[in-house]
Amino acid sequence: MGAKIQGAGRKRFIAGNWKMNLDRSSALALASTLRERCGNRTDLDVAVFPPFVYVSEVAHALAGSSIRVGGQNCCDQASGAFTGEVSAGMLADVGATMVILGHSERRHVYGETDELVHRKVRAALTAGLDVILCVGETLAERQAAATEKVISRQLQRGLEDVSAAEFSKITIAYEPVWAIGTGQNATPEQASQAHGYLRGVITSRYDDRVAARVRIQYGGSVKPANVQTLLSAPEVDGCLVGGASIQAESFLPLLIS
Ligand code: PGA
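Residue numbers here run from 1 along each chain, matching the order of that chain's written sequence. Restriction of local features to residues with pLDDT of at least 70 applies here, the model being predicted, together with a cutoff of 80 or more for giving and counting side-chain atom pairs; totals for whole chains, interfaces and linings are based on all residues. Hydrogens and water are ignored here; the side-chain numbers use all heavy atoms of the structure.

Participant: For the site of the ligand, give the residues involved together with the corresponding values.
Facilitator: To be near a molecule or strand, a residue needs just one of its heavy atoms within 4 Å of it. Looking at the ligand, there are 13 residues lining it, with K19, H103, E175, G181 and S221 nearest. Pairing of N or O atoms within 3.5 Å defines a polar contact, subject to two protein rules: one partner must be a possible hydrogen donor and the other a possible acceptor, and residues neighboring in sequence count only if both atoms are side-chain atoms. G242 is positioned such that a nitrogen or oxygen atom in its backbone is 2.9 Å from an oxygen atom of the ligand. Here, Shrake-Rupley sampling with a 1.4 Å probe gives the accessible areas, and only protein chains in the shown set may cover a residue. Considering the ligand on its own, with 280 Å² of exposed area, one finds that the protein chains cover 95% of that surface. Note on residue categories: nonpolar means Ala, Val, Leu, Ile, Met, Phe, Trp, Tyr, Cys or Pro, charged means Asp, Glu, Lys or Arg, and polar means any other residue, Gly included. Among the residues forming the shell around the ligand, the class breakdown is four nonpolar, seven polar and two charged.

What follows is the structure, encoded as structure tokens:
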């Protein structure tokens, strides 16, 4: 049996965010194992996000397989005097078809604002990349009962002036900051509640049909031991995985049917 087709026919989507991990040879070894073990899967979508410097070679290693490759970030500008930055067009040029934007480490460690994330979304769409747009509340925000307010703001501002047609290129990742890299995942109920809320915001922003189509991933300490319960939660259409994605032994078991 293939992976569960989520509500409204949404295909499950599991993405591995390698963050600033792996060296060249281990990145290529992981890509080659993934290609061998799940490079023909069509019952679910799989993507990996290597560090910038390895995107080209990993994309080459996975070319012709069903596994997509993306960047973990991109510049909000197309080109020019922006030392140290990488444009969406450059990512596309070396074989990336996606980019993660608004990840909590970008927002909270590097101070990215909703406005900057929005400009990056625009730049990525212009370059023809699909986007995983991350939203999520901190522990203090959850404790202050501000989760909905925060994730709604991040979503609305990130998507400002994004048309319904453009929105079809976007996946949302709900990643509570307190669950990222902490070993403390959200419960399936907490994830479902946030995802359902986000889908409601998308309905008001676009319409029912658009909202029913968008995939909302959960991210934050997903691992083989908890993936089954998280994925069986209503509204959870896949996962954005950090720590467990950098080794085949912990990533492959997440691609469950
Ligand atoms: P984690 O990271 O799986 O290591 O918690 C998730 C993420 O940051 O996308």
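Participant: Please give an account of the nonpolar core that cites residues and values.
Facilitator: By convention a nonpolar core is built from buried Ala, Val, Leu, Ile, Met, Phe, Trp, Tyr and Cys residues, the set being connected through side-chain atoms within 4.5 Å. Burial classification: accessible surface area is computed with a 1.4 Å probe over protein chains only, and a residue below 20% of its type maximum counts as buried, one above 50% as exposed, and the rest as partly exposed. Within the largest apolar cluster, 68 residues are counted, with the highest numbers of intra-cluster contacts made by F167, I170 and I172. Ignoring sequence-local partners within four residues, the contact set of I170 consists of V121, L125, V131, L133, L159, V162 and V214. Core analysis: the second largest hydrophobic core is formed by 10 residues, F13, A47, M98 and C134 among them. Every residue pair with non-hydrogen atoms within 4.5 Å of one another is taken to be in contact.

Participant: Can you tell me about the side chain of D76, naming the residues and giving the values?
Facilitator: Following the sequence through the fold, D76 ends up in the loop between β3 (67–71) and α3 (88–93). Judged by its relative accessible area of 18%, D76 is buried. In terms of polar contacts, D76 uses its side chain to reach the side chain of Q77, at 3.1 Å. A distance of 2.8 Å separates the side chain of D76 from the side chain of R119, its partner in a polar contact. For the purposes of this entry, the term helix denotes a DSSP run of H or I that reaches at least four residues, the term strand denotes a run of E that reaches at least two, and both are numbered from the N terminus.

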